[in-house]
Amino acid sequence: MDLETGFYQNRVKKESWRTVLTLAYQSLGVVYGDLSTSPLYVYTSTFAEDIENTETNEEVYGVLSFIFWTLTLIPLLKYVFIVLKADDNGEGGTFALYSLLCRHVKVNLLPNSQSADEELSTYKKDINTSPLQTSFGAKLKSTLEGYRVLQKFLLVLSLLGACMVIGDGILTPAISVFSAISGAELSLGKDHHLYIEVPVACIVLIALFALQHYGTHRVGFLFAPVVVIWLLCISAIGIYNIIHWNPTVYRALSPFYVFKFLKKTRKGGWMSLGGILLCITGSEAMFADLGHFSQLSIKMAFTFMVYPSLVLAYMGQAAYLSRHHVMENDYQIGFYVSVPQKLRWPVLVIAVLAAIVASQAAITGTFSIIKQCSALGCFPRVKIVHTSSKIHGQIYIPEINWTLMILCLAVTVGFRDTKRLGNAAGLAVITVMLVSTCLMSLVIVLCWHQNVLLAICFGIFFGTIEALYFSASLMKFFEGAWVPIAISFIFMMVMCIWHYGSLKKYEFDVQNKVSIDWLLSAGPTLGIVRIRGIGLIYTELVSGIPAIFSHFVTNFPAFHQVLVFICVKSVPVPRVRHEERFLVGHIGPRDQHIYRCIVRYGYRDAHKDDLQFENDLVCSIAEFIRTGKTGLNGNAADDLSKDLEDMTVLGTPSTHISGVQLREDNEVSSESVGSSKHREMHTTLMTKPKKRVRFFIPETPKIEGGAREELRELMEARESGIAYILGHSYVRTKQGSSLFKKMVINFGYDILTKISRPPAYALTVPHASTLEVGMVYHV
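What comes next concerns the included structure.

## Quick notes on empty space enclosed by the protein
Part 1 of the reasoning: Tallying each qualifying case throughout the model produces nine cavities of 30 Å³ or more.
Part 2 of the reasoning: Estimates place the volume of the largest cavity at around 100 Å³.
Part 3 of the reasoning: Lining the largest cavity are 13 residues, with Tyr 98, Asn 108, Leu 110, Leu 155 and Leu 376 positioned closest to its centre.
Part 4 of the reasoning: It is helix H6 (residues 94-104) that contributes the most residues to the lining of the largest cavity, four residues altogether.
Part 5 of the reasoning: Residue classes in the lining of the largest cavity are distributed as 10 nonpolar, three polar and no charged.

## A closer look at the pairing of strand E3 (residues 529-538)
Part 1 of the reasoning: Bridge analysis of E3 against strand E4 (residues 558-570) gives eight bridges, and the strand direction is parallel. Considered in E4, the bridge of Ile 537 is made with Phe 565.
Part 2 of the reasoning: Note that E3 and strand E11 (residues 722-732) share four bridges and pair parallel. Bridging across to E11, Ile 537 finds its partner in Ile 725.

## Some details on the sheet that holds strand E5 (residues 582-586)
Part 1 of the reasoning: A sheet is described by the order of its strands in space; here seven strands give the open sequence E7-E5-E6-E4-E3-E11-E12, paired in mixed fashion. Looking at which strands have only one partner, the edges of the open sheet turn out to be strand E7 (648-650) and strand E12 (770-778). On average, each strand axis in the sheet is inclined to that of its neighbour by 25°, with strand direction left out of account.
Part 2 of the reasoning: When E5 meets E7, the two strands line up antiparallel, connected through three bridges. Note that in E7 the partner of Val 584 across the bridge is Thr 648.
Part 3 of the reasoning: Against the sheet, helix H20 (residues 482-511) touches E11 and E12, its axis set at about 95° to E12.
Part 4 of the reasoning: Each of E3, E4, E11 and E12 touches helix H22 (residues 547-555); the most contacted strand, E12, lies at about 115° to it.

## Structural notes on the packing of helix H16 (residues 344-375) against helix H17 (residues 398-415)
Part 1 of the reasoning: Contact pair H16 / H17: the axes reach a minimum separation of 10 Å and the direction vectors enclose 135°. One element, H16, and the other, H17, form an angle in the oblique class. Seen from above, H16 lies across H17 with right-handed handedness. Where H16 abuts H17, its residues Ile 363, Thr 366, Phe 367 and Ile 370 lie against Ile 400, Asn 401 and Leu 404.
Part 2 of the reasoning: Its residues placed into classes, the contact of H16 with H17 shows five nonpolar, two polar and no charged.

## Concerning unusual backbone geometry
For residues other than glycine, phi is negative in most cases, and the peptide bonds are mostly trans.
Part 1 of the reasoning: Positioned with a positive phi, Arg 266 is a non-glycine residue whose angle comes to about 50°.
Part 2 of the reasoning: Mapped onto the fold, Arg 266 is located in the loop between helix H11 (256-265) and helix H12 (267-271).
Part 3 of the reasoning: By relative accessible area, which is 62% here, Arg 266 ends up exposed.
Part 4 of the reasoning: In this structure, His 593 is a non-glycine residue whose phi angle is positive, near 55°.
Part 5 of the reasoning: Looking at the secondary structure, you find His 593 in the loop between E5 and strand E6 (594-601).

## Quick notes on the packing of aromatic side chains
Part 1 of the reasoning: Counted according to the given criterion, the structure contains 22 aromatic pairs.
Part 2 of the reasoning: With a centroid separation of 5.8 Å and 75° between ring planes, the pair formed by Phe 256 and Tyr 257 is classed as edge-to-face.
Part 3 of the reasoning: The class of Phe 256 is exposed, set by a relative accessible area of 51%.
Part 4 of the reasoning: Between the aromatic rings of Phe 335 and Tyr 336, the centroid separation amounts to 5.4 Å while the plane-to-plane angle is 75°, which identifies the pairing as edge-to-face. With respect to class, Phe 335 is no different from Tyr 336; both count as buried.

Conventions adopted
Residues numbered from 1 in each chain as written. Predicted model: local features only at pLDDT ≥ 70, side-chain atom pairs only at ≥ 80, totals over all residues. Heavy atoms only, no water. 1 Å grid on protein atoms, 1.4 Å probe; cavity = no way out; pocket = protein on both sides within 12 Å on 5 of 7 lines; lining within 4 Å. Points joined across faces, edges and corners; volume = space filled by probe spheres on them. Helix = DSSP H or I, 4+ residues; strand = E, 2+ residues; numbered from the N terminus. Nonpolar A, V, L, I, M, F, W, Y, C, P; charged D, E, K, R; others polar. Pairing = 2+ DSSP bridges. Axes fitted to C-alpha atoms, helices over the stretch in contact; angles between N-to-C directions. Contact = heavy atoms within 4.5 Å. Parallel < 35°, antiparallel > 145°, perpendicular 65-115°, else oblique. Left-handed = near helix turned anticlockwise from the far one by under 90°. Buried < 20%, exposed > 50% of the residue type's maximum accessible area, 1.4 Å probe, protein only. Phe/Tyr/Trp six-rings, centres within 6.5 Å; stacked < 30°, edge-to-face > 60°.

As structure tokens, then:
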């Protein structure tokens, strides 16, 4: 399956129950690893210091009741029955909600957005069901569109959720692996187990991150069986403990014990909510990983496998603790103490494997969120490696991987206990959930067009529960909760500085762009000559000629016989279909052979390699010429609206088989030349032998003579080669700028530009054919 065909996955997956069950089984290893391993550390973190398990059992029953209702209300009710329905063409996550809002309300801060983007089939804008202008939804929409500060706040809110996901990607491997290995403490002395747990946990974490570049598809087939075995294991242990120690523990599922618990423990009980919160770590993955599966498969896996297994596991631990109030050691109140002694070592091995699966899911989720931020212009350019040609979501980012490993080892060695790791992980998890609740409330009104009371009830009900947990986690600021805040603050600064600098750079390009009239009139004055080949000028502009190119021709008065101003842009949809990939148009008179090509990608799309991209680009321009569009002339080229109207939507060559196709000599046999369906146009250049490029054009009497000459010119240029002209900009502030702006641009953005990947790398441009033009931008 091609990387970009994932858009259709959800529709295909609903064809049969067998397919749904298969996907539900596979989702156990990808989605539920983190959530399934939470029994390892929930009770340990809850009873760490705020409350004690007394003879009355009111504390342990209260904790069990809290866990049960938290699992029921947040993962089951909120995510399974409500949030999963807010998919963005089959994709989920914080950015999917933000993308939905951007398409229904004009809050998108991407500077190069176009009205043509709204015509994409995946844009899915429900114009027919829009609310009346007098409704609250219309007023809210106009308010958001009218105030730029609200649009920035919405973006910052989404970035906050993304930063907390990154923090969770650091903390989840640490707490999962450390808690799994902590089972060794029951077989070792108090003075010795700490010297074993931390080194072993670090070794496992190093091995986990070191193997990331191989991709999870090589060992992914083991993930689902490991989680299934783990869930069956904790379920069986839970049933055993319930029957053997306290068969009446089911009474604690009543919400009455929640109030009884809070009444007795008061502040201590409220503080312990930070530990109870850990029972829902990983719930956000149900929505974030929706693009890999279908809604029904994720719902079935959680409802019929994960949810009952977790409830039985927590009930079993509560049943054991209700009969064991005095432990020999304080650290023995965790998961392993309730496991029968003969099974502890086998369970330890399974737990470590399950923790690795949970860690892998968190790391992969972090890679995905970084890719989305980078696609939306909110993160520096990084190297993105697709580790699987069949599964579109499996990527590897080297810089982020090693950064996560260093930070993960730092918190593991620095904390060395489950309590503080739990405090840190809890705050990261609940913050992401609060962000999703806020965005979901807006989606209900602005995208689903439901009554505002429904959105208010959703926000108040789930927001109150999550705010309660958030306040309890925040109270543990100095006991580990500061870690996700510090991590998020650093990543938030990076994202905001990069977005601000990129926006100012784009504004400079818009203000200093030149017209085609200037370029054509300056030709005789500057003595500009046309050289053989195709010149691709990369720019972020969707109209006009960038200042970087005028700077180039002023100092080097020559450019290629065919000139293409190419803009590779991201649009607020998960994927752009092949048929709608390119927007192609003329710039200036037809005989100048100057084109504009806008290449559109979704925030989950994979970019093609340079050779495939070159062929797709040339064929799309050739198909544009064949269709007979004449483009713009004179001053009209500088008119944005007319520019867009005269651009044609074209797909990749695979989408127009009956159109122009490109072949090289070593790829085409002589028999294909005489085909009755195609005529071959080729030319022999009076130069040294090169690979001959051939266009195969369908039989049609409508090709004009001018179009035929234009195709021949394009073919000759393609045979001569393609050169990439990229701008290497140095962004500096203007004189008189504020100190804050100078610090952000001259210091912050400059450092990020130096440590980020160069534009040629991010665009998969071959270095041998690249020409960089330096220019100072005063913003």
